Amino acid sequence: MRRLIAYFIKYPIAGNVLLLLILIFGFFGLQNLRKTFFPEMESRSIRIQTVYPGASPIEIEEGIILKIEQQLQGVQGIERVTSSSKENAGSVNVEVALGYDPQSVLQDVKNAVDLISGFPTGMEPASVFLREILGLAVRFSISGDVSLEELKTYAQQAEDDLKLLQGISQVSLSGFPAREIEISVDHQKLEAYGLTIDQIAAVIGTTNLDFTAGQIKTDKIEMQIRAKNKKDQLSDIGNIELKTTPEGSSIYIKDVAQVVHKWRDEAYENNFNGQLGVTLSVSHTTNEDIIKVADLTKAYIERFNDTHTDVQAHLILDQSKTVVERINLLVSNGVIGFILVLVFLSMFLHPYTSFWVALSIPVAFGGMFILASFYGITINVISLFGMIIVIGILVDDGIVIAENIYQHYERGKAPLQAAIDGTVEVFGAVTSAVMTTVIAFSIFFFLDGRMGEFFPEMGFVVIATLLFSLIEGAFILPAHIGHSSALKK
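Calculation criteria
- Residues numbered from 1 in each chain as written.
- Predicted model: local features only at pLDDT ≥ 70, side-chain atom pairs only at ≥ 80, totals over all residues.
- Heavy atoms only, no water.
- Helix = DSSP H or I, 4+ residues; strand = E, 2+ residues; numbered from the N terminus.
- Buried < 20%, exposed > 50% of the residue type's maximum accessible area, 1.4 Å probe, protein only.
- Contact = heavy atoms within 4.5 Å.
- Areas by Shrake-Rupley, 256 points an atom, 1.4 Å probe, with all protein chains shown as cover.
- Salt bridge = Lys/Arg side-chain N within 4 Å of Asp/Glu carboxyl O.
- Core = buried A, V, L, I, M, F, W, Y, C linked by side-chain atoms within 4.5 Å.
- Phe/Tyr/Trp six-rings, centres within 6.5 Å; stacked < 30°, edge-to-face > 60°.
- Expected span 1.5 Å × (residues − 1).
- Arc of directions from axis to C-beta.
- Pairing = 2+ DSSP bridges.
- Axes fitted to C-alpha atoms, helices over the stretch in contact; angles between N-to-C directions.

Attention shifts here to the overall build of the protein. A tally of regular secondary structure across the protein gives 18 helices and 15 strands. The burial tally for the protein puts 42% of its 489 residues in the buried class. The long-range fraction of contacts in the protein, counting pairs at least 24 apart against all pairs at least 6 apart in sequence, stands at 75%. On the protein, roughly 26000 Å² of surface is accessible, and the fraction owed to carbon and sulfur atoms is 55%.

Shown next, in the form of structure tokens:
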């Protein structure tokens, strides 16, 4: 190690090249880091979605959910299974255990569900998929003195406009009841045509279908038989044939009933500032930047308000604000720390020496950004907290090395020799001090559960920053002190 330190001190051009490479590649590494609210995590949640039209929650539970849960008991890599049942549908959530490949477990779950043969007749094919992890970026409301139908139209237009923006892909609407199709039967017409409500329900149930009916296999081809006759347009439902009269004419649903769209009859109302409102939630995926998504959304809100007078958009929640505040706090702390080191260390050592000690702050962060870009680290509230913590201990090793070099110079040694001896003498102690902090933060890599997914980024940030600070203090700082007049005060 003495030879390596002496090499950098005798040939400072090597240290300067190393310094420039760290700063340049650190800058580009920083540009590649995306901003998220929490650290990125691989999705470990598998959802099994089932739809059984007309079934009660108990029928969903007993006829579908319990069978799926029993079938999943033999699948490896499952940590926990939870489920919920409601009218017409049910879902099963499967959490993948740590140490297992989610894609492999997903395929095993699909195979297990496909082996179930006792599902009720009329149930739609189960959907099995790995849930995508989304992070909420912005939530805003569109409100005004208009009807709920008009508000929904405005919200749907806003949703389409936002999805057209480059960088936004996930927008969801809420704040209004679900829409449903209502068939209002006229009893007088029903009696005139000799029909009953049960007959109409049976016809709709047997004609409005979308299901798989098996396969046809030959020597050359294999064909899937599927009845795809699901109708969701009012005109299509109204034209469903109920019966044929003896005269040969057809009776349709529209002849005995009125088919209309309506809001589901449920006690649900969303208000903002005393006015009816609809909420839009804009989220970011693992490939999108929360600050960019938030900025695009807030710019759209301004344009929306400028072009609409009967309704207005109001920001409710901005998750990027916390990330921006943490970034500003980190930058301000870094600048203040740099200035304080320059001012106070200059009172005891040469200002030139103080500058190179303070330079360990940008150099250490530059090196950390290089590694972070390779390991998929994002700028989030957890990693930023680690950066803020480590600022206070970055210049410690540089101060110790610089002061010891000056002490050796005061003993009568030449500047180059003082730089070599002073650095080598305290290098072991400085390295040990850094390693104690490294070991302390290494614990984050061994945590289990949710904390084990969040906090390793904090440990990575602190450890990488400290190691590059040690490199700057041991190889770059002594070279510039030994080749300058910093010791000759």
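Let us now look at the pattern of salt bridges. Close approach of charged atoms lets side chains of opposite charge pair. Here the structure, examined in full by the defined rule, presents six salt bridges. Among the salt bridges present, the one from Asp 421 reaches Arg 2, with a minimum N-O distance of 2.9 Å. A residue pair is termed long-range when its members are at least 10 positions apart, and Asp 421 in helix 16 (residues 415-442) and Arg 2 in helix 1 (residues 2-10) qualify at 419 residues. Asp 421 sits in the buried class, given a relative accessible area of 13%. On the accessibility criterion, Arg 2 (43% relative accessible area) is partly exposed. A salt bridge links Lys 298 to Asp 295; its shortest N-O distance comes to 4.0 Å. With Lys 298 and Asp 295 both in helix 10 (residues 290-307), this residue pair falls three residues apart, about one helical turn. Taken together, the salt bridges that share partners define one network made up of Arg 2, Lys 413 and Asp 421.

This next bit is on unusual backbone geometry. One non-glycine residue, Asn 88, lies in positive phi territory at about 75°. Residue classification places Asn 88 among the partly exposed residues on the basis of a relative accessible area of 33%.

In this structure, Phe 140, Ile 142, Phe 365, Met 368 and Met 387 are the most contacted members of the largest nonpolar core, which totals 88 residues. The element best represented in this core is helix 18 (residues 456-482), accounting for 14 residues.

This brings us to the packing of aromatic side chains. The final tally for this structure, using the stated rule, is 13 aromatic pairs. Judged by centre distance (6.3 Å) and plane angle (85°), the rings of Phe 338 and Phe 355 are edge-to-face. Placement of Phe 338 in helix 11 (residues 320-346) and of Phe 355 in helix 12 (residues 351-358) is noted, with a sequence separation of 17 residues between them. We classify Phe 355 as partly exposed; its relative accessible area is 33%.

This part takes up helix 2 (residues 12-32). Spanning 21 residues, helix 2 covers 30 Å between terminal C-alpha atoms, matching the ideal 30 Å at 1.5 Å per step. Listed in full, the buried residues belonging to helix 2 are Ala 14, Gly 15, Leu 19, Ile 22, Gly 26 and Gly 29. All buried residues of helix 2 project into a common sector of 135° when viewed along the axis, lining one side. In this structure, the buried residues of helix 2 make contact with helix 1, helix 12, helix 13 (360-374) and helix 18.

With that out of the way, let us pick up the sheet that holds strand 4 (residues 127-130). With antiparallel pairing, the four strands of this open sheet are ordered in space as 2-3-1-4. One side of each edge strand has no neighbouring strand; the edge strands of this open sheet are strand 2 (78-86) and strand 4. The sheet shows a mean angle of 15° between the axes of neighbouring strands, taken without regard to direction. Looking at chain direction, strand 1 (residues 45-51) and strand 4 are connected through four bridges and run antiparallel. Counted as the bridge partner of Gln 49 is Ser 127 from strand 4. Where helix 3 (residues 57-71) meets the sheet, it contacts strand 1, strand 2 and strand 3 (89-96), and its direction lies at approximately 160° from that of strand 2. Its contacts with the sheet put helix 4 (residues 102-114) on strand 1, strand 2, strand 3 and strand 4, and the angle it makes with strand 4 is roughly 175°.

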